[in-house]
Amino acid sequence: MKMSQNNADKDDQTSATKKTISLPVSRVRLIMKSSPDVSSINQDALFLTTKATELFVQHLALSSFNNGSGKETNTLSYSDLAHTAEETETFHFLTDILPKKILARDYLNSLDQMQEEDADF
Amino acid sequence: MDGDSSTTDASQLGITGEYMASGHYVLQSQDDDADESLNDHDDGGIKENFREQDIYLPIANVARIMKNAVPQTGKIAKDAKECVQECVSEFISFITSEASERCHQEKRKTINGEDILFAMSTLGFDMYVEPLKLYLQKFREAMKGEKGIPGVAVGESLGEELTDDSFTNPLPAGIITADGQQQNVMVYTTSYQQIPTVQQIQFS
């Protein structure tokens with residue numbers, strides 16, 4: 001019976017698993033399944049996607065940090081990310097969800113300006 | 001009101017300007033005229049205010065990966081963390097829909113590893129492909145290293161998505177085998193004991 005094995009093997013297994021993945025696989029699966037027309041996903045696909053997501057986060061964070069104001073301020077900011085999404089082709093798909101933020105004040109000012117221009121007619 | 005539940009007039013809906021930034025309007029039921037238009041329809045137009053991108057990975061995990069990626073003394077703004085959290089969901093959806101499309105083209109129903117890798121290559125993430133293949137290999141070896149019982153347990157609920165050639169027998173608690181073969185040693189437990197030799201599904 002295999003039950004008499006000591007716990008060391010199991011711990012190695014668990015830590016091996018934990019070392020390879022630091023994101024919740026079930027949540028990744030949930031996101032994948034929310035795509036239209038996705039019926040089922042095999043284990044390899046799930047693992048690869050989860051792992052790729054890790055790589056993606058590292059890639060995005062580091063690129064944005066290096067290309068943006070990170071070097072001076074030592075801080076990764078939202079605008080660094082927005083900037084990188086626009087500049088780097090790989091991250092172009094993010095431009096829709098990373099609009100460059102403007103202050104509400106500035107937005108309202110430009111609205112006013114537009115209205116004034118209309119009124120000139 | 002013309003009954004159009006997707007009115008974008010902020011003052012009518014009573015939504016604040018902050019919602020204007022995204023291209024999608026979350027229709028709040030406010031105590032004003034907007035309610036009439038929402039209730040005129042069967043689903044009130046409210047049904048789709050939960051977008052697929054609204055499911056996110058936990059921010060703590062995402063933040064940790066970011067922190068480890070930037071130089072050690074670097075800091076990360078809070079809105080940057082939240083933003084990457086959203087980008088991640090977008091990325092997953094992006095890859096998945098590409099992989100899913102290929103799958104359908106080949107008349108298959110289950111997205112497999114190859115589909116994912118191919119999607120990454122197509123979408124400009126081919127730099128991930130080689131490292132991913134290595135990780136997959138290491139991962140499989142780590143699992144197989146256990147006395148010839150190939151087992152896969154990666155976090156919760158992975159067992160629900162087995163491949164087409166997986167077995168159909170009901171599983172004894174705590175054991176999942178990747179290739180469908182049942183080994184001679186079967187541990188039948190009704191409780192989730194920590195059984196050393198068999199990789200269990202971790203329900204955290």
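Residues numbered from 1 in each chain as written. Chains lettered and ligands numbered in written order. Predicted model: local features only at pLDDT ≥ 70, side-chain atom pairs only at ≥ 80, totals over all residues. Heavy atoms only, no water.

*Asks:* Whenever I open this one, the overall build of chain A confuses me. Can you help?
*Replies:* Regarding its fold elements, chain A presents six helices and two strands. Ordering the α and β elements of chain A from the N terminus gives α-α-β-α-α-β-α-α. For chain A, buried positions account for 43% of its 121 residues. The contacts of chain A with a sequence gap of at least 6 include a subset with a gap of at least 24, amounting to 27%. As presented, chain A carries roughly 6600 Å² of accessible surface, and 49% of it is formed by carbon and sulfur atoms. (Helix = DSSP H or I, 4+ residues; strand = E, 2+ residues; numbered from the N terminus. Buried < 20%, exposed > 50% of the residue type's maximum accessible area, 1.4 Å probe, protein only. Contact = heavy atoms within 4.5 Å. Areas by Shrake-Rupley, 256 points an atom, 1.4 Å probe, with all protein chains shown as cover.)

*Asks:* I keep staring at a nonpolar patch on the surface and nothing clicks. Help me out?
*Replies:* Residue and element names in this part refer to chain A. A cluster of nonpolar side chains, namely I102, Y107 and L108, defines an oily patch on the protein surface of about 300 Å² accessible area. Turning to its location among the elements, L108 is positioned in helix α6 (residues 104-119). Judged by relative accessible area, L108 falls into the partly exposed class, the value being 47%. (Patch = residues over 30% accessible without salt bridge, like charges linked within 9 Å, V, L, I, M, F, W, Y side chains within 5 Å. Salt bridge = Lys/Arg side-chain N within 4 Å of Asp/Glu carboxyl O.)

*Asks:* Help me understand the packing of helix α2 (residues 25-33) of chain A against helix α3 (residues 43-67) of chain A in this model?
*Replies:* A packed helix pair is summarised by two numbers, namely the angle formed by the two axes and the spacing between the axes. All names here are of chain A. Between α2 and α3, the least distance of the axes is 10 Å, while the angle of their chain directions is 100°. The angle between the axes of α2 and α3 places the two elements in the roughly perpendicular class. Two secondary-structure elements touch here, α2 through V25, V28, R29 and M32 and α3 through L46, T49 and T50. Class assignment of the residues belonging to the contact of α2 with α3 gives a composition of four nonpolar, two polar and one charged. (Axes fitted to C-alpha atoms, helices over the stretch in contact; angles between N-to-C directions. Parallel < 35°, antiparallel > 145°, perpendicular 65-115°, else oblique. Nonpolar A, V, L, I, M, F, W, Y, C, P; charged D, E, K, R; others polar.)

*Asks:* Help me understand the environment of R27 of chain A in this model?
*Replies:* Structurally, R27 of chain A can be placed in helix α2. Taking the C-alpha atoms as reference points, R27 of chain A and T50 of chain A, separated by 23 residues in sequence, lie 9.4 Å from one another. Ignoring sequence-local partners within four residues, the contact set of R27 of chain A consists of I55, Y56, L57 and P58 of chain B.

*Asks:* Would you mind showing me how to read the packing of aromatic side chains here?
*Replies:* Here a ring pair, both rings aromatic, is described through the centre-centre distance and the interplanar angle of the planes. Enumeration according to the criterion identifies eleven aromatic pairs over all chains in this entry. Aromatic pair F93 of chain A and F94 of chain B: ring centres 4.3 Å apart, planes at 15°, arrangement stacked. Here the residue F93 of chain A occupies a position in the loop between α5 (78-87) and α6, and F94 of chain B occupies one in helix α4 (residues 78-105), the pair thus bridging two chains. Since its relative accessible area comes to 13%, F93 of chain A is described here as buried. With relative accessibility at 28%, the residue F94 of chain B sits in the partly exposed group. (Phe/Tyr/Trp six-rings, centres within 6.5 Å; stacked < 30°, edge-to-face > 60°.)

*Asks:* Please explain unusual backbone geometry as it appears in this structure.
*Replies:* Across the chain, the bulk of peptide bonds are trans and the bulk of non-glycine residues have phi less than zero. The backbone of N74 of chain A sits at a positive phi, close to 60°, despite the residue not being glycine. Following the sequence through the fold, N74 of chain A ends up in the loop between α4 (70-73) and β2 (75-76). Note on N74 of chain A: relative accessible area 24%, which makes it partly exposed. Of note in this structure, K107 of chain B is not a glycine but carries a positive phi near 60°. The residue K107 of chain B is located in the loop between α4 and β2 (110-111) in this model.

*Asks:* Whenever I open this one, the side chain of T84 of chain A confuses me. Can you help?
*Replies:* All names here are of chain A. Residue position: T84 is located in helix α5. Classification of T84 as buried rests on a relative accessible area of 1%. Not counting residues up to four positions away in its chain, the partners in contact with T84 are S63, S64, N67 and F91.

*Asks:* I'm lost on α2 of chain A in this one. Help?
*Replies:* In an α-helix, one turn spans 3.6 residues, which is why side chains three or four residues apart end up on the same side. Within the span of α2 of chain A, buried status applies to V25, V28, R29, I31 and M32 of chain A. Down the axis of α2 of chain A, the buried side of the element spans an arc of 160°, and every buried residue falls inside it. Check the buried side of α2 of chain A and you find it contacts β1 (40-41) and α3 of chain A together with α4 and α5 (113-122) of chain B. (Arc of directions from axis to C-beta.)

*Asks:* Honestly, the nonpolar core in this entry has me stumped. Any pointers?
*Replies:* Where a protein is soluble and globular, its nonpolar side chains tend to be buried together. Judged by nonpolar contacts, the single largest core of 60 residues is most densely connected at F56, L94 and L98 of chain A together with F91, I116, M120 and F125 of chain B. Of all the secondary structure elements, the ones that give two or more residues to this core are α2, α3 and α5 of chain A together with α3 (59-69), α4, α5 and α6 (126-144) of chain B. When residues in this core are grouped by element, the largest group, eleven residues, is from α3 of chain A. Ignoring any residue separated from it by four or fewer positions in sequence, one finds F56 of chain A in contact with F91, F93 and L94 of chain A together with C87, V88, F91, F125 and Y128 of chain B. (Core = buried A, V, L, I, M, F, W, Y, C linked by side-chain atoms within 4.5 Å.)

*Asks:* For this particular structure, what's the right way to read the pattern of salt bridges?
*Replies:* Pairing of side chains with opposite charge becomes possible as their charged atoms draw close. For the coordinates displayed, the defined rule picks out eight salt bridges over all chains. The partner of E54 of chain A in a salt bridge is K51 of chain A, with the nearest N and O atoms 2.9 Å apart. Of this pair, E54 of chain A and K51 of chain A both sit in helix α3, separated by three residues, roughly a single helical turn. The burial state of E54 of chain A is the same as that of K51 of chain A; both residues are buried. Across the salt bridge formed by R108 of chain B and D115 of chain B, the nearest N and O atoms sit 2.9 Å from each other.

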